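Residues per chain are reported as follows:
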Amino acid sequence: MNRHDLLQEMESLSGRVADLETRLHSAEQEAQGLRISEARYRQVVEESPNSIIALDAVGRISFWNRGATRITGHEFSGALGKDYSFLILKPEPALFSSKILSRVFQGKSFSHLDLVLQCSDGSVKTMVSRAYPVRDSRENVMECVLASTDVTVLKTREEHLVQERRTLERVVEERTRDLIRINEQLKEEIEQRRSAESAATQSEARYRALFENAGDAIFIVEAEGGRQGRIFLANRLAAEMHGYERDELHGLHMNDLEPPEEAVNLPDRLERIKQGEWVHEEILHRRKDGTLFPVEVSAGLIQIRDRNCIIGIDRDISDRKKAERDLRESEERFRRFADEVSLEGLVIHDRGKIIDANLNFARMYGYEREDLIGMDVPKTFAPLSRDLVKKHIAEGWEGVYEATALRKDGSTFPVEIHARQVPMKGRMSRAAAVRDLSERKQAEDKLKRLSTAVEQAGESIIITNPEGGILYANPALEKISGFSVAEAVGQDLGMIKMGKQDSLFWSDMREAIQQGAIWRGRLTGKKKDGISYEETATVSPIKDENGRVVSYVMVGRDVTSEVLLQRQLLHAQKMEALGTLAGGIAHDFNNLLQVILGYSDLLLVNKLHTDSDRKKIEIVKHAAREGSDLVSRILTFSRKTGSKIRPIDVNDQVRRVEKLLRRTLPRMIQIDLLLGEDLSIIDADPVQIEQVLLNLGVNAQHAMPAGGRLLIQTRDVSLGDEFLRSHVGALPGHYVLLIVSDTGVGMESNVKDRIFEPFFTTKTEGAGTGLGLSMVHGIVTRHGGYITCSSEPGNGTSFKMYFPVSNSNLVSDHAAPRDLSPPGTETILLVEDDDRIREMARQMMKAAGYRVITACTGDEALETYGNRRTEISLVILDLIMPGMGGERCLEQLLRMDPDVKVLVASGHSSESLTLDRGEPGARGFINKPYDAGKMLGAIRKVLDEGYL
């Protein structure tokens with residue numbers, strides 16, 4: 001390399017060195033700024049009188065300020081790296097780690113925590129702390145910081161960070177010299193500098209977070225010069241507490257934050273602080289809006305960048321002051337309550353010496369309250385009671401007792417004393433509530449005299465004390481409940497009247513009467529021999545002259561027989577209402593089934609037996625037919641379905657059903673018959689009687705899963721007055737009694753009361769519809785009979801059914817052959833409000849050759865018939881329609897044309913219609929949902945013969 005090239009290389013190197021020096025100078029300035037900022041916040045944190053501790057994620061101490069050392073006595077060097085549990089006693093380590101430490105490292109802050117710290121001298125200190133996370137530049141949580149204030153004694157000490165600052169500067173200078181001296185290590189040194197800057201940034205973030213998130217307001221105030229007392233730094237809470245923005249606080253004088261009466265003392269406080277004193281005072285501060293609030297101030301002298309400053313820590317104590325005011329007001333309210341509201345005399349004494357008493361106690365004894373203070377308690381009692389009172393005081397006895405009190409004038413009166421021990425000013429004293437019993441004793445005497453006047457009453461009369469203890473009972477109580485007067489007196493009213501009522505019932509009754517009300521109601525009691533009975537009762541309070549309740553009087557009347565009749569009436573009304581509801585539901589359901597069955601029949605007409613779709617259509621029709629059977633059961637319960645009533649022998653029906661039951665019930669169930677001889681004939685539908693027996697037999701099977709006995713009995717009975725009195729609506733006369741009993745599991749009373757309700761079942765979902773017993777009830781009731789059920793858990797169930805005896809003779813069973821229905825060509829008027837059923841029925845009749853005219857309302861039917869009566873051969877009329885119903889439409893058709901042929905159709909009974917030959921009315925009745933064959937057969941028969 002020649003000289004020229006060497007000179008150029010040297011110039012290039014000099015330029016690089018100059019550039020590096022410039023960059024190093026810039027980096028040094030930035031580092032110097034970070035050091036100054038870090039020093040400022042470190043100084044604030046280190047000089048804070050509060051304890052500031054940083055923990056890592058597993059609870060090891062990573063930072064510890066001098067405030068923590070001053071408070072606990074532990075040195076930072078001894079605490080660094082240790083688990084926090086050696087220092088924090090409460091909360092316990094497991095609770096602290098799970099509830100506080102782990103949640104802080106999830107980013108959550110806690111503004112108020114109560115901690116108990118273990119000091120080096122063995123003492124403990126209670127701290128109010130704030131826990132919050134410290135994050136790095138990437139927002140990752142590095143540490144959990146606990147900023148704590150000693151709420152026992154607030155202390156602060158001054159510490160300096162000069163040595164640490166100088167050490168840090170020396171390290172920076174050494175590294176800078178190394179960068180200048182060693183050119184080839186420049187890149188590595190620059191990277192080290194960047195690392196150092198990052199650490200400084202993190203350190204500054206820590207101290208800034210400690211300062212900004214402190215639990216108290218912190219001010220840094222000028223201590224010297226012309227700006228003495230002016231704020232040059234304040235944290236977020238200081239601004240929020242005083243209603244300022246942060247920038248607005250900077251430069252304000254502390255006078256601006258205090259009202260004039262407090263500001264006059266500010267120079268003195270500043271001077272004391274400058275002399276090295278830490279000031280702790282409670283003063284008033286003023287917000288930006290002028291409102292005042294109390295604060296607790298802790299202030300002292302600190303150094304920041306070699307100059308004296310004042311740090312002030314303010315805590316808003318408004319809540320504490322309010323609590324103190326509330327306590328004083330509470331004490332005053334209690335004093336007024338004791339003097340003006342309490343009816344008892346209240347007295348507090350210490351070892352028998354009266355230390356306080358309310359006005360009522362003084363009036364009761366005839367003293368002025370001031371005269372009672374210091375008096376011996378036993379002197380306020382008559383001589384005969386003093387030994388008892390002294391004994392209770394000496395033993396610290398608590399409870400209620402009676403004694404004779406002595407007034408100032410020497411007169412005596414009976415009292416009831418409620419004695420208790422109560423804490424008073426750090427020691428236990430005794431308090432007593434004294435009640436004058438004079439009036440109550442007089443009332444008890446009157447009560448005894450009153451009992452003589454009610455000895456002969458037919459109703460039971462019971463007099464009790466306010467607690468429900470029976471003081472008196474008249475002889476009628478024994479007639480009703482079986483308890484003698486001697487057995488009742490002294491017992492609790494709830495024990496004598498035991499039944500369905502629990503202790504809460506008696507408590508509620510007593511509370512209502514204590515408020516002055518008269519209680520009237522019904523009780524279900526249990527006699528001494530265990531038999532239940534119903535009683536109506538009236539309970540009235542007996543008050544003294546001052547309006548206080550001193551006892552109660554209860555008048556009771558046995559209404560067992562009336563309640564039984566009322567229950568039967570309500571049951572009958574409920575079953576009637578349920579029947580009406582079921583009938584309405586069944587009518588709507590019938591319309592849906594009609595569409596399915598009708599179109600199934602129409603589809604089957606054109607299907608050959610070999611057609612693959614025929615089987616599917618037959619399945620649909622079969623399912624719809626099962627639905628129709630379900631509707632029939634509902635209508636049977638509601639007594640809105642037709643039946644074929646004729647004279648029958650019940651024994652014959654039982655024998656027929658027995659054969660079917662023996663084939664269907666498990667062999668482990670034994671079936672026995674006990675049939676009466678020469679049994680009377682009844683008027684009934686044999687199919688429905690068989691349905692009753694089958695339903696009860698299947699019901700018994702479910703009650704005997706492990707086997708048992710099914711017994712069916714019949715006999716003639718006559719219903720007399722005893723049965724009629726206990727069964728509302730029953731009529732006297734001769735009946736056939738049909739009994740079906742089993743030895744199954746039985747039923748609870750609450751289940752037995754609901755067994756005849758439709759859709760009520762105790763079986764699992766899908767195991768039953770809940771219509772079996774409701775259908776039985778409907779069939780028996782429809783036949784003019786009565787049904788009862790007796791059952792107890794574990795003792796089986798027995799159903800008794802009473803059917804009125806018939807005056808007719810038996811009619812032999814015969815099955816009429818089914819007529820084939822030839823097609824026709826006549827014109828038929830179809831009246832149906834449901835569009836789907838109307839169209840389906842029209843197509844059904846049209847397929848058989850008939851001409852069909854349709855109408856959807858009664859009014860439309862009348863208009864159509866009036867216009868085309870000469871061509872209409874038959875009217876098919878739906879009974880249930882909105883607007884003009886079917887029956888009214890039939891009446892109008894008959895008025896228009898007495899010879900009109902009408903077939904009525906409904907899913908309900910046709911009994912209300914005239915169907916006798918020779919009388920104006922419908923010519924026949926067809927059930928819905930329609931069956932194509934039956935419907936067309938009925939049409940053909942009415943057209944050809946005039947009647948079904």
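Residues numbered from 1 in each chain as written. Predicted model: local features only at pLDDT ≥ 70, side-chain atom pairs only at ≥ 80, totals over all residues. Heavy atoms only, no water.

Asks: Quick question: what am I supposed to make of the overall build of the chain here?
Replies: Counting its secondary structure elements, the chain contains 30 helices and 33 strands. Residue burial in the chain is summarised as follows: out of 948 residues, 45% are buried. Across the chain, the fraction of contacts at a sequence separation of at least 24, relative to all contacts at a separation of at least 6, is 57%. Approximately 49800 Å² of the chain is accessible, and the part contributed by carbon and sulfur atoms is 51%. (Helix = DSSP H or I, 4+ residues; strand = E, 2+ residues; numbered from the N terminus. Buried < 20%, exposed > 50% of the residue type's maximum accessible area, 1.4 Å probe, protein only. Contact = heavy atoms within 4.5 Å. Areas by Shrake-Rupley, 256 points an atom, 1.4 Å probe, with all protein chains shown as cover.)

Asks: How should I be thinking about the nonpolar core in this particular structure?
Replies: Generally speaking, soluble globular proteins have nonpolar side chains that are buried together. Of all hydrophobic cores here, the largest spans 35 residues; its most connected members are L696, L710, L738, F799 and M801. Excluding residues that lie within four positions of it along the chain, L696 makes contacts with V740, L773, V776, F799 and M801. Among the nonpolar cores identified, the runner-up in size contains 26 residues, and A223, A234, L252 and M254 belong to it. (Core = buried A, V, L, I, M, F, W, Y, C linked by side-chain atoms within 4.5 Å.)

Asks: Sorry, what's going on with unusual backbone geometry here?
Replies: Leaving glycine aside, a negative phi is the common case for residues, and trans is the common case for peptide bonds. Across the junction of K90 and P91, the peptide omega takes the value 0 degrees, indicating a cis bond. When you line up the elements, P91 lands in the loop between β3 (88-90) and α4 (93-104). In the Ramachandran plot, E139 falls in the positive-phi region, its phi being about 70 degrees despite a non-glycine side chain. Topologically, E139 is positioned in the loop between β5 (124-135) and β6 (141-150). Its relative accessible area of 52% is what places E139 among the exposed residues. Although it is not a glycine, R351 adopts a positive phi angle of roughly 55 degrees. Topologically, R351 is positioned in the loop between β12 (345-350) and β13 (353-357). For R351, a relative accessible area of 68% translates into the label exposed.

Asks: What exactly am I supposed to notice about the packing of aromatic side chains here?
Replies: Applying the stated criterion across every chain yields a total of four aromatic pairs. Residues Y365 and F413 carry aromatic rings whose centres are separated by 5.6 Å and whose planes lie at 65 degrees to one another, so their mutual orientation is edge-to-face. You can see Y365 sitting in helix α12 (residues 359-365) and its partner F413 sitting in strand β15 (residues 412-424), a full 48 residues away along the chain. Among the aromatic residues, ring-to-ring pairing joins F361, Y365 and F413 into one connected group. Against the face of F86 rests K82, its NZ or CZ located 4.9 Å from the ring centre. Taking the ring centre of F110 as reference, the NZ or CZ of K108 above it sits at 5.5 Å. (Phe/Tyr/Trp six-rings, centres within 6.5 Å; stacked < 30°, edge-to-face > 60°. Lys NZ or Arg CZ within 6 Å of the ring centre and 35° of its normal.)

Asks: How do you make sense of the pattern of salt bridges when you look at a structure like this?
Replies: For the coordinates displayed, the defined rule picks out 35 salt bridges. When the shortest N-O distance is used, the salt bridge between R269 and E258 registers 2.6 Å. With R269 in helix α10 (residues 266-274) and E258 in the loop between α8 (246-249) and α9 (260-263), this residue pair connects regions lying eleven residues apart in the sequence. Classification of R269 as buried rests on a relative accessible area of 7%. Judged by its relative accessible area of 2%, E258 is buried. A salt bridge links K353 to D376; the shortest N-O distance between them is 2.8 Å. (Salt bridge = Lys/Arg side-chain N within 4 Å of Asp/Glu carboxyl O.)

Asks: Just to check I follow, could you spell out α10 for this structure?
Replies: Owing to its 3.6 residues per turn, the α-helix aligns residues three or four sequence positions apart on the same side. Residues L266, R269, L270 and I273 constitute the buried set of α10. The buried residues of α10 occupy an angular sector of 100 degrees when projected down its axis, which confines them to one face. If you follow the buried residues of α10, they end up packed against α9, β9 (279-286), β10 (292-304) and β11 (307-316). (Arc of directions from axis to C-beta.)

Asks: So what exactly am I meant to see when it comes to the confidence of the model for the chain here?
Replies: Keep in mind that low pLDDT regions are not for reading the predicted coordinates in detail. For the chain, per-residue confidence averages 78 on the pLDDT scale, and residues scoring 70 or more make up 76% of the total. Taking the mean pLDDT of every element in the chain, the minimum, 59, falls on helix α5 (residues 162-181) and the maximum, 94, on strand β29 (residues 827-831). A low-confidence stretch, residues 153-161 stays under pLDDT 50, and its non-local contacts, those more than four residues away or across chains, total 30 contacts. (pLDDT = per-residue confidence, 0-100.)

Asks: Where do I start with the pairing of strand β26 (residues 733-742) in this structure?
Replies: Two faces belong to every sheet, and in a regular strand the side chains alternate between them. Extensive coverage of β26 is indicated by the burial of eight of its ten residues. In terms of strand pairing, strand β25 (residues 708-719) meets β26 through ten bridges, oriented antiparallel. Along β26, the bridge assignment pairs Q713 with I739. Two strands pair when backbone bridges link them, and β26 and strand β28 (residues 797-804) are joined in this way by eight bridges, in the antiparallel orientation. Paired with V740 across the two strands is F799, which belongs to β28. (Pairing = 2+ DSSP bridges.)

Asks: In this structure, what is going on with the packing of helix α28 (residues 858-868) against helix α29 (residues 886-896)? I would like to understand it.
Replies: When two helices pack together, their arrangement is given by the angle between the helix axes and by the axis-to-axis distance. At a minimum axis distance of 10 Å, the contact between α28 and α29 shows a crossing angle of 15 degrees. Judged by the angle between their axes, α28 and α29 are roughly parallel. Here α28 and α29 pass one another in a crossing that is right-handed. Touching G858, A861, L862, Y865 and G866 of α28 are C889, Q892, L893 and M896, all from α29. Split into classes, the residues belonging to the contact of α28 with α29 amount to six nonpolar, three polar and no charged. (Axes fitted to C-alpha atoms, helices over the stretch in contact; angles between N-to-C directions. Parallel < 35°, antiparallel > 145°, perpendicular 65-115°, else oblique. Left-handed = near helix turned anticlockwise from the far one by under 90°. Nonpolar A, V, L, I, M, F, W, Y, C, P; charged D, E, K, R; others polar.)

Asks: Would you explain the pairing of β12 in this entry?
Replies: Within β12, five of the six residues are buried, which leaves the element mostly enclosed by the surrounding structure. Summarising the sheet, β12 and strand β16 (residues 427-436) pair through five bridges and their orientation is antiparallel. Within the sheet, the bridge partner assigned to H349 lies in β16 and is R430. Pairing of β12 with β13, which is carried by four bridges, proceeds in the antiparallel orientation. The residue bridging H349 from the neighbouring strand is I354, located in β13. Connecting β12 to the antiparallel partner β13 that follows it, the hairpin turn spans two residues, and R351 within it adopts a positive phi of roughly 55 degrees.

Asks: Can you walk me through helix α23 (residues 686-703) in this structure?
Replies: In this model, α23 (18 residues) spans 26 Å end to end at C-alpha, consistent with the 26 Å of a helix rising 1.5 Å per residue. Within α23, burial applies to P686, Q688, I689, V692, L693, N695, L696, G697, A700 and A703. (Expected span 1.5 Å × (residues − 1).)

Asks: Is there a simple way to explain the side chain of T864 in this structure?
Replies: Mapped onto the secondary structure, T864 falls in helix α28. Every residue in contact with T864, bar those within four places of it in the chain, is listed here: L829, I853 and I872.

Asks: Looking at this structure, I do not really get the packing of helix α22 (residues 650-664) against α23. What am I missing?
Replies: α23 packs onto α22 with a crossing angle of 45 degrees between their chain directions and a minimal axis gap of 10 Å. When the interaxial angle is binned, α22 and α23 end up oblique. Two packed elements cross with a definite hand, and for α22 against α23 that hand is right-handed. Side by side, α22 and α23 meet where Q653, V654, R656, V657, L660 and L661 of the first sit next to P686, I689, E690, L693, L694 and G697 of the second. Looking at the contact of α22 with α23 residue by residue, the classes come out as eight nonpolar, two polar and two charged.

Asks: Teacher, can you tell me more about the environment of Q501 here?
Replies: The topology assignment puts Q501 in the loop between α18 (493-496) and α19 (503-514). A relative accessible area of 14% means that Q501 is categorised as buried. Along the sequence, Q501 and L523 sit 22 residues apart, while their C-alpha atoms lie 7.4 Å from each other. Ignoring sequence-local partners within four residues, the contact set of Q501 consists of W506, L523 and T524.

Asks: Hey, could you run me through the sheet that holds strand β19 (residues 519-526) in this one?
Replies: Sheets are built from strands that pair by backbone hydrogen bonding, the pairs being arranged parallel or antiparallel. Spatially, the five strands line up as an open sheet ordered β18-β17-β21-β20-β19, and their pairing is antiparallel. Both outer strands of the open sheet, β18 (470-473) and β19, are each paired with one neighbouring strand and no more. In this sheet, neighbouring strand axes are inclined to one another by 30 degrees on average, regardless of whether the strands run parallel or antiparallel. Pairing geometry for strand β17 (residues 460-464) and β18, over three bridges, is antiparallel. By the bridge assignment for β18, T464 is matched with I470.

Asks: Even after reading the chapter, I still don't get the sheet that holds strand β31 (residues 874-878), so can you show me in this structure?
Replies: Taken in spatial order, the five strands make up an open sheet running β30-β29-β31-β32-β33, and their pairing is parallel. Edge positions in the sheet fall to β30 (851-855) and β33 (924-927), since each of these pairs with one other strand and no more. Shown here is a sheet whose adjacent strand axes are inclined to one another by a mean of 25 degrees, direction ignored. Sheet topology note: the strand β32 (residues 902-906)/β33 ladder contains four bridges and is parallel. Looking at the pairing, A905 lines up with I926 of β33. Of the strands in this sheet, β29, β30 and β31 are in contact with α28, which crosses β30 at around 140 degrees.

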